[in-house]
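Remarks on the overall topology
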Amino acid sequence: VREQLAPLSGDLEVEYWTGLPLDEVVERVRHLPADTIVLPATFRADPSGRVLVPNEATKRIIDASAAPTYSVYDYQLGRGLVGAYTASFAEEGRVVADLAADVIEGNDLGPEPVVRTVPNAYRVDARELERWGFSRENLPPDTIVMFEEPSLWAEHRDLVLAALAIIALQSALVVALLVQRRRRRLAEAETALQRREVAHLMRVSVLGELSGAIAHEINQPLTAILSNAHAALDMVPDKAAEFAELRETIADIIEEDNRAAEVINRLRNLMRKGTRMVEPIDVNGLVEATAALLRSELIARRIDLRTDLAAGAPIVRGDPVQIQQVLLNLIMNAMDAMAAIPAGQRTLTVSTSVAADGGAAVTVSDKGIGLQEGNSPFDPFYTTKEHGLGLGLTICMTIVEAHGGTLTLANADGGGATARFFLPRAGLLAAAE
Amino acid sequence: MSAPVFTVFLVDDDAGVLKALARRLSVRGYEVRSYSSPEHFLEEHDPALPGCAVLDLSMPGLNGLELQAALGAAGAQRPVIFLTGQGDVPTSVQAMKAGAVDFLTKPVRDEALLDAIARAEAKDRDGRQTEAEMAVIRARLATLTRREREVLDHVLAGRLNKQIAWELGTVEQTIKVHRRRVMDKLGVHSMRDLMQLSSKVGLLR
């Protein structure tokens, strides 16, 4: 061993442990640093004279070692040795047996002395390589790798394929179920939203149905207030100067009462169901009434509503309630379109003019987000509003057309949208609802 | 010393409205009687009192129109003014056809209410005057003898004395005497007055 290792002594530090008791050796290898290797030679006896079985002694060293162990004998391979550069004892046995067989059979072995050799080879234990984390790429060429554990793939190919297929199928199923569940959740959420919408719509329509009764309920106290105020006014001495302020106060009560009654009246007219009427409509008056109806809503939404009314006071014929519905819808749309822009810029303009044919033109302009490309805003159920039904403009169009007019909607040059409708002087009322 | 007191009968199920209207009309010098239920009003109603009824259109139990009909059925010529919180055209037409003085929407404007009551007052006064005149005429008619009444009917039918005499189997001179007595009893001096009076009580068709 010393001879063999001598050429390497420059690169390697070699320590020879001889004449030590086996227990001592075992104890020492246990604490070896990681950058060492152990090359156990043959133990036949302790210095104490105890006879050892070499195989078992080596095994103890291998098992205890903190560093990888190598050997010059192959028989230890498979018992914890990383590798050996050696001929195989089994191979040598086979060669000798062949020779003996040749002799026994009387084969001519030639005149020369018969020497048959078994070449040395690098042999490594695949499991130990794995255990110590050695890469196979660093092995010398022609190294015989032993104790290769057959891979699962090689051993149970069909089973593995089947198992993989099942796993794949199950994964696909899980994914499909997850997707389905997500879809269902979305659908449920949408359904719930729609249900809320419908419920809200129902409440609104019930409110509409009840508007007459509600107007009645509010008109009762208004009646009482008005009559009391008039009675009070009659009780106050007419000419006495000290009662001037009291008379004024009562007069204000009467005026405010009338104003409240006017609001109720407008609301009731708007909510009124029933037969369409054809009567002269003062378009300017309708714009003013609608603006008055929306006054608090406009203030709440910080919108500045400006009206630019035609001097000629255009008069058309039609159903004032329906035309007001169109106006209300267009103004509400314009208000919604400006929800996202800064409060100071929310300007809404309603202007009226006398059209060339003597009819009326009404324009509702906003400074909002404008119309979106794609669908026509007049398509039924098309909406860009979160809680919209998509019916407002469709109904407006139907009403305006029933009055023989036209309704157009376009983006304005300076941003925002402009809705414009014309009503002819002599409104034609077709049968349309 | 003064004109007979004109009473306004108020019927409204809303206590606040009832009280306020009563106060308003009292201040204007009207005698006011308030009823919160139409049934109560019908029970206590005295057609002999000059006045008008101001009825709320929608009340539990009898509504205004039904109350108007019930008054008519009871033979009362009471002028009626309707008040409503929700005036619709068909109902107002129905009310006016049934003889209402006016149909006013709540909250009723003061001038409108007072004006309607003034018209109701006039209507009631005229009605009562006519009624009184008719009572006088009916009393006078009741004093005619059977033969005199027969002659009157023939005269109103436009027949000449000669024809009437022939119809009744007597002579023209007798018919002339009957006619004079009829004119005296009815207090008229000309044929024209007789026709007018007869028309008032529905004798003339």
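Residues numbered from 1 in each chain as written. Chains lettered and ligands numbered in written order. Predicted model: local features only at pLDDT ≥ 70, side-chain atom pairs only at ≥ 80, totals over all residues. Heavy atoms only, no water.

1. Notes on the packing of helix α8 (residues 172–186) of chain B against helix α9 (residues 191–200) of chain B
When two helices pack together, you describe them by how their axes are tilted relative to each other and by the distance separating the axes. All names here are of chain B. At a closest axis distance of 11 Å, the pairing of α8 and α9 adopts a crossing angle of 60 degrees. Considering the angle they form, α8 stands oblique to α9. The hand of the α8/α9 crossing is left-handed. Contacts from R179, M183 and L186 in α8 reach M191, L194 and L197 in α9. Here the contact of α8 with α9 is composed, by residue class, of 5 nonpolar, no polar and 1 charged. (Axes fitted to C-alpha atoms, helices over the stretch in contact; angles between N-to-C directions. Helix = DSSP H or I, 4+ residues; strand = E, 2+ residues; numbered from the N terminus. Parallel < 35°, antiparallel > 145°, perpendicular 65-115°, else oblique. Left-handed = near helix turned anticlockwise from the far one by under 90°. Contact = heavy atoms within 4.5 Å. Nonpolar A, V, L, I, M, F, W, Y, C, P; charged D, E, K, R; others polar.)

2. Points about the sheet that holds strand β1 (residues 70–71) of chain A
Strands sit in the order β1-β2-β3-β4 (chain A) across an open sheet of 4 strands; the sheet is mixed. Looking at strand neighbours, the two that pair on one side only are β1 and β4 (144–146) of chain A, the edges of this open sheet. (Pairing = 2+ DSSP bridges.)

3. Describing the interface of chain B and chain A
The interface is formed by 21 residues belonging to chain B together with 19 residues belonging to chain A. Between chain B and chain A, the buried area comes to about 1700 Å², and carbon and sulfur atoms account for 56% of it. Applying the counting rule to chain B against chain A returns 2 salt bridges. The interface formed by chain B and chain A holds 7 residue pairs in polar contact (both at pLDDT 80 or more) in total. When residues in the side of chain B that touches chain A are grouped by element, the largest group, 7 residues, is from helix α1 (residues 15–27) of chain B. Class assignment of the residues belonging to the side of chain B that touches chain A gives a composition of 6 nonpolar, 6 polar and 9 charged. (Buried area = accessible area lost by both parts, 1.4 Å probe. Salt bridge = Lys/Arg side-chain N within 4 Å of Asp/Glu carboxyl O. Polar contact = N/O pair within 3.5 Å; in protein donor to acceptor, adjacent residues only side chain to side chain.)

4. Some details on the packing of aromatic side chains
Considering all chains together, one arrives at 5 aromatic pairs over all chains under this definition. Plain terms: the ring middles of A:Y85 and A:Y122 are 4.4 Å apart, the flat faces sit at 40 degrees to each other, and that makes the pair tilted. Remark: A:Y122 occurs in strand β3 (residues 121–125) and A:Y85 occurs in strand β2 (residues 83–86); sequence separation between them is 37 residues. Seen from their ring centres, B:F9 and B:F41 are 5.8 Å apart, and the 50 degrees between their planes marks the pair as tilted. Taken together, the residues span a long stretch of sequence, with B:F9 in strand β1 (residues 7–11) and B:F41 in helix α2 (residues 38–44) at a distance of 32 residues. (Phe/Tyr/Trp six-rings, centres within 6.5 Å; stacked < 30°, edge-to-face > 60°.)

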